[in-house]
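Below are the chains, spelled out letter by letter.
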Amino acid sequence: HSSTQNRKERNQRRQPRCLLIIFATAFCSSPVTMAPGSKANKKSTVDAAAWMFNVVTSVGIIIVNKALMATYGFSFATTLTGLHFATTTLMTLVLRCLGYIQPSHLPFTELLKFILFANFSIVGMNVSLMWNSVGFYQIAKLSMIPVACLLEVVFDKIRYSRDTKLSIGLVLVGVGVCTVTDVSVNTKGFVAAFVAVWSTALQQYYVHYLQRKYSLTSFNLLGHTAPAQAATLLIVGPFLDFWLTEKRVDMYDYNVVSLMFITLSCTIAIGTNLSQFICIGRFTAVSFQVLGHMKTILVLIMGFFFFDRDGLNLHVVIGMIIAVLGMIWYGNASSKPGGKEKKSYSLPTTRQQKNGDDSDEGPRLKA
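Computed from a predicted structure; not experimentally measured. (Residues numbered from 1 in each chain as written. Predicted model: local features only at pLDDT ≥ 70, side-chain atom pairs only at ≥ 80, totals over all residues. Heavy atoms only, no water.)

1. Brief notes about the nonpolar core
Here's step 1: Within the largest apolar cluster, 45 residues are counted, with the highest numbers of intra-cluster contacts made by Phe114, Leu210 and Leu221.
Here's step 2: Elements that contribute at least two residues to this core include exactly helix 3 (36–70), helix 4 (77–98), helix 5 (108–131), helix 6 (134–142), helix 7 (144–155), helix 9 (187–213), helix 10 (218–245) and helix 11 (256–282).
Here's step 3: If one sorts the elements of this core by residue count, helix 9 sits on top with nine residues.
Here's step 4: Counting 18 residues, the second-largest nonpolar core is a separate cluster that includes Ala148, Ile168, Val175 and Val316. (Core = buried A, V, L, I, M, F, W, Y, C linked by side-chain atoms within 4.5 Å. Buried < 20%, exposed > 50% of the residue type's maximum accessible area, 1.4 Å probe, protein only. Helix = DSSP H or I, 4+ residues; strand = E, 2+ residues; numbered from the N terminus.)

2. As for the pattern of salt bridges
Here's step 1: The tally for this structure, following the rule as stated, stands at six salt bridges.
Here's step 2: The salt bridge involving Asp47 is made with Arg282; its shortest N-O contact spans 2.7 Å. Of the two residues, Asp47 sits in helix 3 while Arg282 sits in helix 11, which places them 235 residues apart along the sequence.
Here's step 3: You can call Asp47 buried: its relative accessible area is 11%.
Here's step 4: The shortest N-O distance in the salt bridge between Arg248 and Asp250 comes to 2.6 Å.
Here's step 5: The class of Arg248 is partly exposed, set by a relative accessible area of 46%.
Here's step 6: By relative accessible area, Asp250 is classed as partly exposed at 49%.
Here's step 7: A cluster of three or more residues bridged by salt bridges with shared partners is formed by Glu110, Lys113 and Lys213. (Salt bridge = Lys/Arg side-chain N within 4 Å of Asp/Glu carboxyl O.)

And the structure:
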């Protein structure tokens, strides 16, 4: 046992220095037996690190993409997303060669469903933004939280307490005050928003579901899904972007600075994709959506400093305060006993014991 422990310590000292590999080690390693108190403290620390990782990379990629599109005119959003997943695929291949990603299995039918949800989410969001006003686009994004709640209630039999429901409502009100301005809607825009909302909610629910059912780490799941998403988006992306913008990606005036921003965007996207899977895997899609609106607030603040000085007015600040209070309330309410829990039934236990193989889904984590 001592020789094994010494070997582990030597391997840890030899780990690559880059931050991404450090996160790989943190979230792919086997659990260590420890006292309940220290285990809870470690979980809280890792949870906070996961959220911070997601917030930093998500806000960073939004700022970089806004500069790339607004300043340098690279308006090919779907193709750029395909490049993001291609870079993420390269990262997973490198980690697999280094031994940080172990072989795993994901049935083709499950992979196909995930890719359909994920790609319809990306395409639907881009089309919704083009066909709808910014205000209705933001309302559509806010409606993902109730849809995600509905999916958990229907499929996971989750029950929310009154305080948890009210806190979610407060977050929706706060973010709505921050972001919703002009609201106009048309039939095709509503259809695009409907597809985008449901496909995004299903994709995020499926991230949590697949990790539990097939005992996949975030890196394992990315290793399965990123190559398929990269291939499909790089094939469909140029045509969709031409339809949306009437510009061809191959005719874009590439230069050193724009290529640098594209490379930076793809690099940050590795962390964004990974942190999304980590957060949803550790929590739920609902918690990811609710607390994820902190990114919306940070983007508004960063946009004020870097882009639009007139974007931060009194009603936006009030909306931010309401949203933050709602997030704090949600975190407190959902963590209390009964705040958010799975309904328990006493009768079907015989069938549950009979199908013992289903236990690989693992325990559901409270948000």
